[in-house]
Amino acid sequence: MNFMNQLRMMTYASLFVALIAAGAFISIPVGPVPIVLQNMFVLLAGLLLGPRWGLASVFIYLLLGTFGLPVFAGGTGGIGRILGPTGGYLIGYLPCVYATGLIARKNKRSRLVDISAMITGSVILYAAGVPWLKFATGMGWEKAFMAGMYPFLPGNAVKIVAAAFIAGKLRPLMKG
Amino acid sequence: MTPFTYRKGESHYHRLDPRYKLIMLALVSVSVLQAAFIPLLVFSAALAQAMVRVGIHIPTALKHLKFFFLLLLLIFLARTVSEQSGDTLFKIYKLQVTTGGIRLGVLTAWRFLVVMLAGMIFSRSTRPSQVKSAAQWFLKPVPFIPEKRAAVMIGLAIRFLPLILQQAEELSLARKARGGDLRKNPVKRITELAVGLMKKSFRTADQTALAMAARGFSEDRTDPSFHPSRLDAAYLVLTGTTAILLFVC
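Once a new chain begins, its residue numbering starts again from 1 and follows that chain's sequence as written. Think of it this way: whatever chain is written first is A, whatever ligand is written first is 1, and the rest follow in order. At least 70 in pLDDT is required for a residue's local features to be given in this predicted model, at least 80 for side-chain atom pairs to be given and counted, and no such filter applies to totals for whole chains, interfaces and linings, which use all residues.

Some remarks on the overall build of chain A
Under the scheme used here, helices are H or I runs from DSSP no shorter than 4 residues and strands are E runs no shorter than 2 residues, and both carry numbers assigned from the N terminus. Looking only at helices and strands, chain A has seven helices and two strands in total. The order of helices and strands in chain A, counted from the N terminus, is α-β-β-α-α-α-α-α-α. Computation of the radius of gyration draws on C-alpha atoms alone. For the globule rule, the value is 2.2 Å times the number of residues to the power 0.38. A compact globule built from 176 residues would reach a C-alpha radius of gyration of about 16 Å, and chain A, at 16 Å, matches this within 12%. By its C-alpha atoms, chain A is 50 × 35 × 30 Å across when sized along the principal axes.

See below:
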């Protein structure tokens, strides 16, 4: 990768850090519940940046949050959030973005591949988040799934479909 | 300009060493999430004073945070219905709202708001280049992480964040003006906003990369130097004590 390409990828990755952080503040009212775009930007980072730069952008995002900057969902930050009940979802962003990027990169580009990559990423995210929630709060498995997964599945499905369309529209721009 | 944008000033907060400020912010963000009502009230008053000192106009800042308040409302509602202690106030279907639930809902939303406002004071009084330098200093001893590159990314992200929030607000208003709110399909609503926002942001990122290349950007730069003063130590001790009090009281 030449210097200019590397510089551009670094700038894009930084942009995704800001987008993921801004995603906590950008909500779109759909029916009575607003959809927050944060995890959609994580999935898009994997699709558009690939596994390595996607991972870098999520790592920097988590670092900013760990320092205490208000970049986590709900406008919070601090190591307390990483160690708290929802910390599993935050840490889970790392394998989620890597897997999404890896699947999207290794296969022929199509909307179906993008959607499969994002579904895999989301499964990994819940696989990290729900058990962490269970052990951090002491609730049972059923309650942990009820509180940490089931209510978010419809919104997630909408975001995955939207992200597949968005990725398709933005890829040509990234080729410069 | 959003309340998160850096603005030049002469306050103590502007003059503090960014490394100390980051440690102070981390201490506050951990302890506030454990704070009870009265300590939180006292801390909020101190925070409001600090906001004024760094030049944040509180009503304007609150106006900018209207989307955030929608989220706080959801957090309040979720916490309210999840707590069943105290007297029952009313019931909606299977959801029971109790005095204990309301208390917990208010406390949780308030804690989140305070953390966010502390972050706002930090970003208002700290240049992105200072955050970058401090992050580089903290990351230097960490193995396998290219601290200079990570620091540049942090600096860029902090510069992009207010820009993205401003663009999102403009796009949202433009969509409303064109009746975009009336669209029922959620996928189209998200796609329209996100594509518009990201196209603009990518253009900005491209221009930034070009500008950096044109100015001979290189990761191999001289390490930043810091000159902490007694003021930094005093603020750190004060914040540390406050954090302990918030944690235990």
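Examining the domain arrangement of chain B
Residue and element names in this part refer to chain B. Partitioning chain B into domains gives domain 1 (1-126 + 234-249) and domain 2 (141-222). If you average the C-alpha positions of domain 1 and of domain 2, the two centres end up 26 Å apart. Taken together, the contacts link four residues of domain 1 with five residues of domain 2. Any residue that is not Ala, Val, Leu, Ile, Met, Phe, Trp, Tyr, Cys, Pro, Asp, Glu, Lys or Arg is counted as polar, Gly included; the first ten are nonpolar and the last four charged. The residue makeup of the side of domain 1 that touches domain 2, split by class, is one nonpolar, three polar and no charged. Start and end positions for the domains come from either an automated domain assignment or a database one. We call two residues in contact when the distance between their C-beta atoms, placed using the backbone, is within 7 Å.

Overview of the interface of chain A and chain B
Taken together, the contacts link 45 residues of chain A with 49 residues of chain B. Those elements that provide at least two residues to the side of chain A that touches chain B are helix H1 (3-22), strand E1 (27-30), strand E2 (33-36), helix H2 (38-67), helix H3 (79-83) and helix H7 (153-174) of chain A. Sort the elements by how many residues they give to the side of chain A that touches chain B and H1 of chain A lands first, with 14 residues. Of the residues contributing to the side of chain A that touches chain B, the split by class is 32 nonpolar, ten polar and three charged.

Description of the packing of helix H5 (residues 111-137) of chain A against helix H6 (residues 141-148) of chain A
All names here are of chain A. At a minimum axis distance of 9 Å, the contact between H5 and H6 shows a crossing angle of 125°. Looking at the two axes, H5 sits oblique to H6. The handedness of the crossing between H5 and H6 comes out as right-handed. Between H5, through Gly129, Val130, Leu133 and Lys134, and H6, the contact on the second element is made entirely by Trp141, Ala144, Phe145, Ala147 and Gly148. Axis geometry follows a simple rule: fit a line to the C-alpha atoms, using only the stretch in contact for helices, then measure angles between N-to-C directions, giving values from 0 to 180 degrees. Throughout, the term roughly parallel applies to angles under 35 degrees, roughly antiparallel to angles over 145, roughly perpendicular to angles from 65 to 115, and oblique to all others. Crossing chirality is assigned from the near helix's rotation relative to the far helix, an anticlockwise turn below a right angle marking it left-handed and a clockwise turn marking it right-handed.

Focus on the environment of Arg15 of chain B
Here Arg15 of chain B is to be found in helix H1 (residues 12-15). The spatial distance from the C-alpha of Arg15 of chain B to the C-alpha of Ser125 of chain B is 8.4 Å, given a sequence separation of 110 residues.

Let's talk about the nonpolar core
Here, a nonpolar core means buried Ala, Val, Leu, Ile, Met, Phe, Trp, Tyr and Cys residues linked by C-beta atoms lying within 7 Å of one another. Comment: burial labels come from other C-beta atoms within 10 Å of the residue's own C-beta, placed from the backbone, where a count of 20 or more is buried, 12 or fewer is exposed, and between is partly exposed. Among the nonpolar cores identified, the biggest contains 124 residues, and Val17, Leu64 and Ala163 of chain A together with Ala157 of chain B are the most heavily contacted of them. The greatest single-element share of this core, amounting to 19 residues, is contributed by H2 of chain A. When residues are assigned to domains, this core turns out to be shared by domain 1 (1-126 + 234-249) and domain 2 (141-222) of chain B, each giving three or more. Setting aside its immediate chain neighbours within four residues, Ala157 of chain B contacts Ser14, Val17, Ala18, Ile60 and Leu64 of chain A.

Focus on the pairing of strand E2 (residues 95-98) of chain B
Residues and elements named next belong to chain B. Pairing between strands requires that DSSP locate at least two bridges from one strand to the other. Inspection of the sheet shows strand E1 (residues 88-92) paired to E2 by four bridges, in the antiparallel sense. In the sheet register, Thr88 faces E2, and the bridge partner there is Thr98. The antiparallel pairing of E1 with E2 creates a hairpin that spans two residues between the two strands, and Tyr93 there sits at a positive phi of about 50°.

What about H7 of chain A?
For H7 of chain A, spanning 22 residues, the distance from its first C-alpha to its last is 30 Å, which sits close to the expected 32 Å at 1.5 Å a residue. Bend at a given residue is defined as the angle between two axes, one fitted to the seven residues that end at that position and one fitted to the seven that begin there. Where H7 of chain A bends most, the angle comes to about 30°, and this point is Gly168 of chain A, followed within four residues by the proline Pro172 of chain A. In this scheme, a helix's expected span is set at 1.5 Å multiplied by one less than its residue total.

Some remarks on the environment of Leu44 of chain A
Residue and element names in this part refer to chain A. Relative to the helices and strands, Leu44 is located in helix H2. The spacing of Leu44 and Ala167 is 123 residues in sequence and 6.8 Å in space, taken between C-alpha atoms. Once residues lying within four places of it in the same chain are set aside, the contact partners of Leu44 are Ala163, Ile166 and Ala167.

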